[in-house]
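# Inside the fold
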Amino acid sequence: MNFILSRSGAVFAAFCVALCCGTASAQNYPTKPIRLVLPFPPASPSDLVGRMVAQKLSEQLGENVIPDNRPGAGGNLALAAVARSAPDGYTLTISTPGIALSPSLYKNLQYDPVKDLVPVARLATIENVVLVHPSVPAKNLKEFLALARARPGKLNYGSGGPGTTNHLANELLKYLEKIDIVHVPYKGATVATVSLIGGEVDEVIVSVASGLPYIASGKVRPIAVLSENRLPTLPNVPTSKEQGYPKFQMAIWYGMFAPAGTPQAIITRLNQAFTRISTSADTKERFAGVGTLPMTSTPEQFADFLKKEIARWGKVVRDSGASAE
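This is a predicted model, so every value here is computed, not measured. (Residues numbered from 1 in each chain as written. Predicted model: local features only at pLDDT ≥ 70, side-chain atom pairs only at ≥ 80, totals over all residues. Heavy atoms only, no water.)

## Notes on the packing of helix α6 (residues 165–177) against helix α11 (residues 299–320)
Relative to each other, α6 and α11 sit at 60 degrees, their axes nearing to 10 Å. Comparing their axes, α11 and α6 come out oblique. As α6 runs across α11, the sense of the crossing is left-handed. Facing Leu-168, Glu-171, Leu-172 and Tyr-175 of α6, the residues of α11 in contact are Trp-313, Lys-315, Val-316, Val-317, Asp-319 and Ser-320. For the contact of α6 with α11, the residue count by class is six nonpolar, one polar and three charged. (Axes fitted to C-alpha atoms, helices over the stretch in contact; angles between N-to-C directions. Helix = DSSP H or I, 4+ residues; strand = E, 2+ residues; numbered from the N terminus. Parallel < 35°, antiparallel > 145°, perpendicular 65-115°, else oblique. Left-handed = near helix turned anticlockwise from the far one by under 90°. Contact = heavy atoms within 4.5 Å. Nonpolar A, V, L, I, M, F, W, Y, C, P; charged D, E, K, R; others polar.)

## Observations concerning the environment of Phe-248
Following the sequence through the fold, Phe-248 ends up in the loop between β8 (221–225) and β9 (251–259). You can call Phe-248 buried: its relative accessible area is 1%. With 201 residues separating them along the chain, Phe-248 and Asp-47 place their C-alpha atoms 26 Å apart. Contacts of Phe-248, omitting those with residues within four sequence positions, involve Val-130, Leu-141, Ala-169, Leu-172, Leu-173, Leu-176, Ile-205, Leu-226 and Ser-240. (Buried < 20%, exposed > 50% of the residue type's maximum accessible area, 1.4 Å probe, protein only.)

## Here we look at empty space enclosed by the protein
Taken as a whole and assessed by the stated rule, the structure comprises one cavity of 30 Å³ or more. The calculated volume of the largest cavity comes to roughly 50 Å³. In terms of lining, the largest cavity is formed by Val-53, Leu-123, Phe-274, Ile-277, Ser-278, Thr-283 and Phe-287. Every element with two or more residues in the lining of the largest cavity is listed here: α9 (264–279) and α10 (281–288). Considering each element in turn, the lining of the largest cavity owes the most residues, three residues, to α9. When the residues that make up the lining of the largest cavity are grouped by side-chain class, the tally is five nonpolar, two polar and no charged. (1 Å grid on protein atoms, 1.4 Å probe; cavity = no way out; pocket = protein on both sides within 12 Å on 5 of 7 lines; lining within 4 Å. Points joined across faces, edges and corners; volume = space filled by probe spheres on them.)

## A closer look at helix α4 (residues 98–105)
The buried fraction of α4 is high, at six of eight residues. Those residues of α4 lying buried are Gly-98, Ile-99, Ala-100, Leu-101, Ser-102 and Leu-105. Considering only its buried residues, α4 is in contact with α3 (76–83), β3 (91–95), β4 (117–132), α6, β9 and α11.

## A look at the packing of α9 against α10
Packing of α9 against α10 leaves a shortest axis separation of 5 Å and a crossing angle of 65 degrees. When the axes of α9 and α10 are compared, the pair comes out roughly perpendicular. Residues Ile-277, Ser-278 and Thr-279 of α9 form the contact with α10, whose participating residues are Ala-281, Thr-283 and Lys-284. Here the contact of α9 with α10 is composed, by residue class, of two nonpolar, three polar and one charged.

## Looking at the layout of surface pockets
Taken as a whole, the largest pocket spans an internal volume of roughly 740 Å³. The set of elements that each furnish at least two residues to the lining of the largest pocket consists of α2 (45–61), α4, α6, α7 (189–197), β7 (203–207), α8 (208–216) and β9. For the lining of the largest pocket, the element with the highest residue contribution is α7, accounting for four residues. Broken down by class, the residue content of the lining of the largest pocket amounts to 20 nonpolar, 18 polar and one charged. Its boundaries defined by the atoms lining it, the second largest pocket holds a volume of some 300 Å³. Lining the second largest pocket are 13 residues, and of these Leu-231, Pro-232, Gly-291, Thr-292 and Leu-293 lie nearest its centre. When grouped by side-chain class, the residues that make up the lining of the second largest pocket number seven nonpolar, four polar and two charged.

Below is the structure:
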């Protein structure tokens, strides 16, 4: 009996020591550079957002936060790598809605977005715009849909690759309006936009920030923004909702994730840092320059949001038959 009690006491003592060490470790965190894995190509609009976040997080934590671009497979190469990383707070990633789309699009996903990654905070959102080549005889969304119905299988759209938001936004449009337009995937939304300018594809859906220079130069024509309200940067472009298509809305959101098992104290520390970043006047000004709106959330709120996004897009993917493979 004494042996059992002493052994139990030893186990309890070890647990207390581990708990205290974990708390101390979180209090001292970080003590070395942090790697921020970005699932985006360098110089893309999403990459710019990620690098802004890295710089601001470095300022908040007093340690270098080093961006590490790992594009590919709709962002899943980066997310899978982070999911397999040590849960110590020194490997983080930023994801777009791709993390919510992938479970339905890929049969052999190398990670589970709910079980293998833990949400830290929602960071920002950026609205999308529908662009067509000037040769396409459609001045608005209604005319584009009419053209697609008149020419089934003849119009095409470019995307940043299977499983990206550019891809799924168009698949959502196809599903909602029962049209037949052909998907042409590229290695990144920037490449797809260049192909649109060159007349290789008829339409792309991209972030407003990336589309603005080409809209201003007349190289592409905007026919709808996929937001709830008109945007200050494109005041003359009506929303899809205004044009009679309220379900055709899609924003690109950005969120921070860590490997599952990362100590809660570190998650809390990071979330507090992101809250200070997102609410600062400097961040709002810099994000506005790339058409991005900073956001805040608790880890729990973000986790709930992610589950709803997975369910929402799972239905769209199943009903539309979209696939990334």
